Amino acid sequence: MNLTPRESNVTGAVNYRDTFVMAVCKNVIVVVLGIAINYINATMVHTFNRHHIFKMNPRFILFIHLVVNNIIQLTTSITLCIFTYTFHTIHVSLCCLFILPAILTTQNYPLNLAFMAAECYVAVCIPLRYNYICTVKRTYIVIGIVWTLSSLSVLPDVFILLATEPPEFLNSRVLCLRDTVFRNTYSLKKRDASHILFLVAVWLTLFYTYFRILFVAKAADADAKKARNTIILHGFQVLLCMMVYVEPMLRQVLIYMFPRGVVAINFVIFIINQILPRFLSPIVYGLREKTFRKYIQKYLCTVNCHSNTTHLKK
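Since the model is a prediction, treat every value here as computed from it, not as a measurement. (Residues numbered from 1 in each chain as written. Predicted model: local features only at pLDDT ≥ 70, side-chain atom pairs only at ≥ 80, totals over all residues. Heavy atoms only, no water.)

## Remarks on the overall build of the protein chain
Along the backbone of the protein chain there are 13 helices and two strands. Within the protein chain, the proportion of its 314 residues that are buried is 39%. In the protein chain, the share of contacts with a sequence separation of at least 24, taken over all contacts with a separation of at least 6, comes to 78%. When the accessible surface of the protein chain is split by element, carbon and sulfur atoms take 70% of a total near 18000 Å². (Helix = DSSP H or I, 4+ residues; strand = E, 2+ residues; numbered from the N terminus. Buried < 20%, exposed > 50% of the residue type's maximum accessible area, 1.4 Å probe, protein only. Contact = heavy atoms within 4.5 Å. Areas by Shrake-Rupley, 256 points an atom, 1.4 Å probe, with all protein chains shown as cover.)

And the structure:
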């Protein structure tokens, strides 16, 4: 209240500079994490494509679909994060181009985990029928089902948007979030219903497969115990997915408790919801598989040896 105009201008400049520096630091952190995670994911996709043995195994096909799904989701979400910090608002039509693949891949994630758990169940509990049930053709059909279910939960929002919003809204600028673009009441209710339906279906699948495998694991079978641990990891991944669904409520509670930390709260929630699950899944699933780990180690060893040889030549 007692600041002179000059002192007020200096304080405002300092605050602006601090805010700018913090925004740059956060964007750098997000981009570096995204590049590192996508590099690991791209290495796994390259390993999968280089070796025919993986293309004939339904487990690795589902896993690599999860990895590709993570690459798309992480790239789009980080792009939206940078746009939010840089421009704050963007045109609705441009926002839809980014937010639709982000929503689709987010919906795909728990469904893919459910089918991976079902594959573990078939391999352990009914191994004699595994080659009949889990074929390469049926695995790609399952992937198609995953994308179809996700599309059915998202595409109606686009039609509702086109039918209910005036043309001027598509050319307006908004903060690129799902609720600000698909803001119709029907879209919000459908979103909540689809989230509940997907989560219930995924959790029932995980619980059923886990307890069935648990009984088989009592026979001290190593593969059954490994499958049981894999189901637990699937459950942990789904818990991380649930953070996306409870994000609005969690954000409101945290902002109520820490009203001055809105920006920090949004950044931490973004890291936990969007980046952390995509960092854990390739490491948890890819490196736990002995066959996949062996080929990745060969690839990384080749890269390291080539780097060392180049360095020695210099």
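## Focus: a nonpolar patch on the surface
A cluster of nonpolar side chains, contributed by Y39, I40, V268, I272, L276 and F279, occupies part of the molecular surface with about 470 Å² of accessible area. When residues of the nonpolar patch are traced back to their parent elements, those giving at least two are α1 (5-50) and α12 (262-286). When residues of the nonpolar patch are assigned to their parent elements, the largest contribution, four residues, is made by α12. On the basis of relative accessible area, V268 is assigned to the partly exposed category, the value being 44%. (Patch = residues over 30% accessible without salt bridge, like charges linked within 9 Å, V, L, I, M, F, W, Y side chains within 5 Å. Salt bridge = Lys/Arg side-chain N within 4 Å of Asp/Glu carboxyl O.)

## As for the packing of aromatic side chains
Counted under the stated rule, the structure contains six aromatic pairs. Between the aromatic rings of Y121 and Y208, the centroid separation amounts to 5.7 Å while the plane-to-plane angle is 55°, which identifies the pairing as tilted. Separated by 87 residues along the polypeptide, Y121 in helix α4 (residues 92-125) and Y208 in helix α9 (residues 185-217) bring together distant segments of the chain. Relative accessible area serves as the criterion here: at 14%, Y121 is assigned to the buried category. Each residue in the set F83, F87 and F98 is aromatic and connected to the rest through ring pairs, giving one cluster. Residue placement shows R138 over the ring face of Y132; its charged tip is 4.9 Å from the ring centre. (Phe/Tyr/Trp six-rings, centres within 6.5 Å; stacked < 30°, edge-to-face > 60°. Lys NZ or Arg CZ within 6 Å of the ring centre and 35° of its normal.)

## Observations concerning the state of the cysteines
For the structure shown, the criterion picks out one disulfide. The partner cysteine of C95 in its disulfide is C176, sulfur to sulfur 1.9 Å. The chirality of the disulfide connecting C95 with C176 is right-handed, given an S-S dihedral of about 90°. You can see C95 sitting in helix α4 and its partner C176 sitting in the loop between β2 (173-174) and α8 (178-181), a full 81 residues away along the chain. Its relative accessible area of 0% is what places C95 among the buried residues. (Disulfide = S-S within 2.5 Å.)

## Things to note about the environment of L206
Structurally, L206 is set in helix α9. With relative accessibility at 3%, the residue L206 sits in the buried group.

## Quick look at the environment of H195
With respect to the helices and strands, the residue H195 is situated in helix α9. The sequence separation of H195 and Q107 amounts to 88 residues, and the corresponding C-alpha distance is 8.3 Å.

## Looking at the pattern of salt bridges
Enumeration over the complete set of coordinates arrives at five salt bridges. Taking the shortest distance from any N to any O, the salt bridge between E119 and R59 comes out at 3.0 Å. On the criterion of sequence distance, the pair formed by E119 in helix α4 and R59 in helix α3 (residues 58-87) is long-range, its members being 60 residues apart. Residue E119 is classed as buried on the basis of its relative accessible area, which comes to 4%.

## Let's talk about the nonpolar core
Counting 37 residues, the largest nonpolar core has M44, F63, I64, I213 and F292 as its most contacted members. Ranked by residue count, the leading element in this core is α4, at eleven residues. Within the second largest apolar cluster, 15 residues are counted, among which are I90, V92, L161 and F169. (Core = buried A, V, L, I, M, F, W, Y, C linked by side-chain atoms within 4.5 Å.)

## Some words on the confidence of the model for the protein chain
On average, residues of the protein chain score 78 in pLDDT, and 80% of them are at 70 or above. In the model of the protein chain, helix α13 (residues 290-313) stands out as the element of lowest mean pLDDT, 57, in contrast to helix α6 (residues 136-164), which has the highest, 91. Taken as a whole, residues 1-18 scores under 50 in pLDDT and shows three contacts with residues more than four places along the chain or in a different chain. (pLDDT = per-residue confidence, 0-100.)

## Describing the environment of Q252
Looking at the element boundaries, Q252 is found in helix α11 (residues 247-257). Counting along the chain gives 13 residues from Q252 to I265, while the straight-line C-alpha distance between them is 9.9 Å.

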